[in-house]
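Listed here are the chains, written in short residue letters.
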Amino acid sequence: MRRALRLSATEDYLFAFIDRARARADTHQAFGAEVIPLGVGDCDLPAPPHIVDAMRQAVTDPALHRYPPYEGTPQLRAAASGFLRRRYGLTADPASQVLVTLGSKEAMAHLALALLDPGDVVLVPDPAYPVYATWARFCGAEVVTMPLREENAFLPDLAAIPPSVARRAKLLWVCYPNNPTAALATTAFYADLAAFAHRYDITVASDAAYGELYYGAEPPPSFLQAPGAMERGVEFHSLSKTYNMPGWRIGFAVGDACVIDALRTVKTHTDSGTFGAVQQAAVAALEDTTGYPDHLRGVYRDRMRLLCDGLDAAGLDVLRPDATFYCLVRAPAGLTGEDFAEQLLTRARVLSIPGTGFGPGGQGFVRLTVCADTPLLAEAVRRIGAVNW
Ligand code: PLP
């Protein structure tokens, strides 16, 4: 058997690193202390009870055991549209501008199949969640990276994109609140981005998986709020992070009806929708009256303070985040991000991900998560603080 060429052209740095680190972690266990995993962003908390109850009830309904509608149930699309109206003041037609997805990763991958031809240019941030570039390459498109620099608040510099490249670009990816930098976008940036997309006839794909995990008083904006953005963009929302539902595989795409229709076409040939009971539970999540996301933000805010205060006290330079459950920590002088990740593992027995797992732009940093309970984080801080950096 020969694997497809597109696979040999794909190096999955992120997961390769995690696999190697896990293997080493097992070796270290033999020496006593278990490794504390602060690498992967997989929330340790359960989905809240009102969502689990909705699922429990729905699962007994035989009507939901049949194939669900391809684009998602009308109830869930209406609930998504209601959420977007309440949260961002957006008007999105549930029938033509909202599509239910299996989490957001699948939909972001399928967007590439829906829009890209060989030779098209795709503008991708660096560092970034790897799916954007991987799937562009799978489709034979050319990836041009947009560096996210600390001095530019981890926003891409649109003015630095040569017009000759912009004219050939079909798709541009952004992700705010950002993984891995935890940076936020501003409304001014989104307005510039919408104008740029109109000028060069580019579709903007906005990954809003972390849209509800913020620490400040002001909720982060949506790209789709920018003038003209609804006709030029598609945004991916996910219930994974907001309601601790990553295993449930549920999210939705919203935006330009033509893009939504193209994505729907690919998906009708690929999957047959998410289990109707999960969709019913997602309605309970999006119509939430319990204030759960507020509670969750408080949990992450406290955990993040504990971690960042501890890293500060250890003499490390941590970029205190305004959002997400990630923070970047600068490698001490003389170490690369990979060296630092290795030393965190071997000397402190804490698993991190080097920034370069998200592209060369992540060099010099490691990313830590607070997807671990307070005692475990306190122990991680204690171990990191015991090392002479
Ligand atoms: N986008 C970003 C930036 C992520 O970090 C992740 C998962 O970690 C996803 C999207 C995908 O999440 P899901 O497919 O669970 O919605």
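Going by the structure above, here's the rest.
Below you will find a few notes about this structure. Quantities reported herein were computed from a predicted structural model and do not represent experimental measurements. (Residues numbered from 1 in each chain as written. Predicted model: local features only at pLDDT ≥ 70, side-chain atom pairs only at ≥ 80, totals over all residues. Heavy atoms only, no water.)

1. As for the site of the ligand
Then, in step 1: Near the ligand lie 14 residues; those nearest to it are Asp-207, Tyr-210, Ser-238, Ser-240 and Arg-249.
Then, in step 2: Between the ligand and Ser-240, the relevant distance is 2.6 Å, taken from an oxygen atom to a side-chain nitrogen or oxygen of the residue.
Then, in step 3: At a separation of 2.8 Å, an oxygen atom of the ligand approaches a polar side-chain atom of Lys-241.
Then, in step 4: Taken by itself the ligand offers 400 Å² of open surface, and the protein chains cover 92% of this.
Then, in step 5: For the shell around the ligand, the residue count by class is five nonpolar, five polar and four charged. (Near = heavy atom within 4 Å. Polar contact = N/O pair within 3.5 Å; in protein donor to acceptor, adjacent residues only side chain to side chain. Areas by Shrake-Rupley, 256 points an atom, 1.4 Å probe, with all protein chains shown as cover. Nonpolar A, V, L, I, M, F, W, Y, C, P; charged D, E, K, R; others polar.)

2. Let's talk about the sheet that holds strand β10 (residues 326-330)
Then, in step 1: Taken in spatial order, the four strands of this open sheet run β9-β10-β13-β12, and their pairing is antiparallel. A strand with exactly one partner marks an edge of an open sheet, and here the two such strands are β9 (317-319) and β12 (353-354).
Then, in step 2: Of the pairings in the sheet, the one linking β10 to strand β13 (residues 365-369) comprises five bridges and is antiparallel in character. Note that in β13 the partner of Val-329 across the bridge is Val-366.
Then, in step 3: On top of the sheet, helix α11 (residues 292-313) reaches β9, β10 and β13; it is set at about 5 degrees to β10, its chief contact. (Pairing = 2+ DSSP bridges. Helix = DSSP H or I, 4+ residues; strand = E, 2+ residues; numbered from the N terminus. Contact = heavy atoms within 4.5 Å. Axes fitted to C-alpha atoms, helices over the stretch in contact; angles between N-to-C directions.)

3. A look at the pairing of strand β7 (residues 233-238)
Then, in step 1: For β7, the buried fraction is high: six of the six residues fall into the buried class.
Then, in step 2: The side-chain alternation of β7 yields two buried faces, one formed by Gly-233, Glu-235 and His-237 and the other by Val-234, Phe-236 and Ser-238.
Then, in step 3: In terms of strand pairing, β7 meets strand β8 (residues 251-255) through five bridges, oriented antiparallel. Across the sheet, Val-234 pairs through a bridge with Gly-255, a residue of β8. (Buried < 20%, exposed > 50% of the residue type's maximum accessible area, 1.4 Å probe, protein only.)

4. Here we look at the packing of aromatic side chains
Then, in step 1: Tallied over the entire structure, the rule returns 15 aromatic pairs.
Then, in step 2: Their ring planes at 90 degrees and their centres at 5.2 Å tell us that Phe-340 and Trp-389 sit as a pair that is edge-to-face. Here Trp-389 lies in the segment after α13 (374-385) and Phe-340 lies in helix α12 (residues 337-347), a separation of 49 residues in the sequence.
Then, in step 3: Residue classification places Trp-389 among the partly exposed residues on the basis of a relative accessible area of 24%.
Then, in step 4: One aromatic cluster in this structure is built from Tyr-129, Tyr-132, Trp-173 and Phe-236. (Phe/Tyr/Trp six-rings, centres within 6.5 Å; stacked < 30°, edge-to-face > 60°.)

5. Some words on helix α5 (residues 105-115)
Then, in step 1: Burial of α5 is extensive: eight of the 11 residues sit out of reach of the surface.
Then, in step 2: Inspection of α5 places Glu-106, Ala-107, Met-108, Ala-109, His-110, Leu-111, Ala-112 and Leu-115 among the buried residues, and these make up the whole buried set.
Then, in step 3: Considering only its buried residues, α5 is in contact with β2 (98-101), α6 (131-138), β5 (169-175), β6 (203-207), β7 and α9 (257-268).

6. Re the environment of His-65
Then, in step 1: Considering the arrangement of structural elements, one finds His-65 in the loop between α3 (49-58) and α4 (74-88).
Then, in step 2: Spatially, the C-alpha atoms of His-65 and Ala-277 are 8.1 Å apart, while their sequence positions differ by 212 residues.
Then, in step 3: When residues no more than four places from it in sequence are discounted, the contact partners of His-65 are Val-59, Thr-60 and Phe-275.
Then, in step 4: Engagement of the side chain of His-65 in a polar contact is seen with the backbone oxygen of Val-59, the distance being 2.7 Å.

7. Quick word on the pattern of salt bridges
Then, in step 1: Following the criterion strictly, the structure yields 19 salt bridges and no others.
Then, in step 2: In this structure, Lys-267 engages Asp-271 in a salt bridge whose closest nitrogen and oxygen atoms are separated by 2.8 Å. Note on accessibility: Lys-267 and Asp-271 belong to one class, buried.
Then, in step 3: Across the salt bridge formed by Arg-320 and Asp-312, the nearest N and O atoms sit 2.7 Å from each other.
Then, in step 4: Residues participating in the shared-partner salt-bridge network are Arg-87, Glu-212, Asp-294 and Arg-297. (Salt bridge = Lys/Arg side-chain N within 4 Å of Asp/Glu carboxyl O.)

8. Looking at the pairing of β13
Then, in step 1: The buried fraction of β13 is high, at five of five residues.
Then, in step 2: Pairing of β12 with β13, which is carried by two bridges, proceeds in the antiparallel orientation. If you follow Pro-354 over to β13, its bridge partner there is Val-366.

Interpretation in functional terms is not warranted from these geometric data alone.
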